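Notes for the structure review
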Amino acid sequence: MSDDPQGESAYVLEKTYTGQMDWSLFFVYSQREHIRALLRDIFLDNPDPDVIDGQFESHLGGESADLWLIEHGRRTGHVDLRPFIHWTEGGGVVIDWTAFDVAVPTALAGAPLRHGEELQLRDVRADFQHTNSELFNLYPDNPVSYGMQVWVEGEMSGQPYEMFTDPDPEPA
């Protein structure tokens with residue numbers, strides 16, 4: 001845990017899928033460039049074309065792509081990423097990086113969350129009560145940690161590592 005008595009800071013990309021089974025992916029990183037790399041991997045450059053095709057199907061179903069800005073353990077902002085992601089008629093994707101850069105701060109205030117640390121949200125009830133975020137339901141019993149996790153039917157795991165490239169792998 002960092003030395004910040006108020007809590008660490010992180011970007012939390014939450015992708016929620018609904019259907020036969022509801023599940024959420026959480027990508028928790030300390031740099032904007034990590035989120036940019038994830039978006040490229042999820043929508044543009046994933047080596048498995050089925051992953052990108054699945055994002056298109058999810059897009060049609062109206063699933064979320066929320067970026068939560070956490071500073072000192074408190075939610076200080078929210079960016080709905082869906083308006084920046086445009087599907088072309090041929091089934092391709094274009095991401096409006098200029099709009100992304102305007103909406104997402106280059107850096108967050110406070111000590112950055114690091115590998116091996118859990119994100120400690122100081123007042124999840126107040127910060128997320130009027131949102132659709134699953135973070136409201138997870139805390140305090142199931143906090144998210146730095147990196148990638150999936151929340152399915154009450155269980156948290158690291159499953160997304162199989163589908164997505166970690167933009168900040170833990171040093172060996």
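Relevant structure appears above.
About the criteria used
- Residues numbered from 1 in each chain as written.
- Predicted model: local features only at pLDDT ≥ 70, side-chain atom pairs only at ≥ 80, totals over all residues.
- Heavy atoms only, no water.
- Helix = DSSP H or I, 4+ residues; strand = E, 2+ residues; numbered from the N terminus.
- Buried < 20%, exposed > 50% of the residue type's maximum accessible area, 1.4 Å probe, protein only.
- Contact = heavy atoms within 4.5 Å.
- Areas by Shrake-Rupley, 256 points an atom, 1.4 Å probe, with all protein chains shown as cover.
- Pairing = 2+ DSSP bridges.
- Axes fitted to C-alpha atoms, helices over the stretch in contact; angles between N-to-C directions.
- Polar contact = N/O pair within 3.5 Å; in protein donor to acceptor, adjacent residues only side chain to side chain.

When its secondary structure is counted, the chain shows five helices and eight strands. For the chain, the sequential pattern of α-helices and β-strands runs β-β-α-α-β-β-β-β-α-α-α-β-β. Residues classed as buried in the chain amount to 45% of the 172 residues present. Nonlocal contacts in the chain, meaning residues at least 24 apart in sequence, comprise 64% of its contacts between residues at least 6 apart. Per element, the accessible surface of the chain, about 8,700 Å² overall, is 47% carbon and sulfur.

Strand order across the open sheet formed by six strands is β4-β3-β1-β2-β7-β8, with antiparallel pairing between neighbours. Since the sheet does not close on itself, it has two edges, and those belong to β4 (74-80) and β8 (155-157), each with one partner. Within the sheet, the average angular offset between the axes of one strand and its neighbour, ignoring direction, is 20 degrees. Bridge count for strand β1 (residues 10-17) against strand β2 (residues 23-29) is seven bridges, and the pairing is antiparallel. Counted as the bridge partner of T16 is S24 from β2.

In this section: the side chain of D127. Position of D127 relative to the elements: it lies in helix α4 (residues 124-128). A polar contact is formed between the side chain of D127 and the side chain of R74, at a distance of 2.6 Å.

Below, the discussion takes up the environment of H78. Mapped onto the elements, H78 comes out in strand β4. We classify H78 as partly exposed; its relative accessible area is 35%. Taking C-alpha positions, H78 is 5.7 Å from L67, a pair spaced 11 residues apart along the chain. What H78 contacts, discounting residues up to four positions off in sequence, is D66, L67 and W68. A polar side-chain atom of H78 sits 2.6 Å from a polar atom in the side chain of D66.

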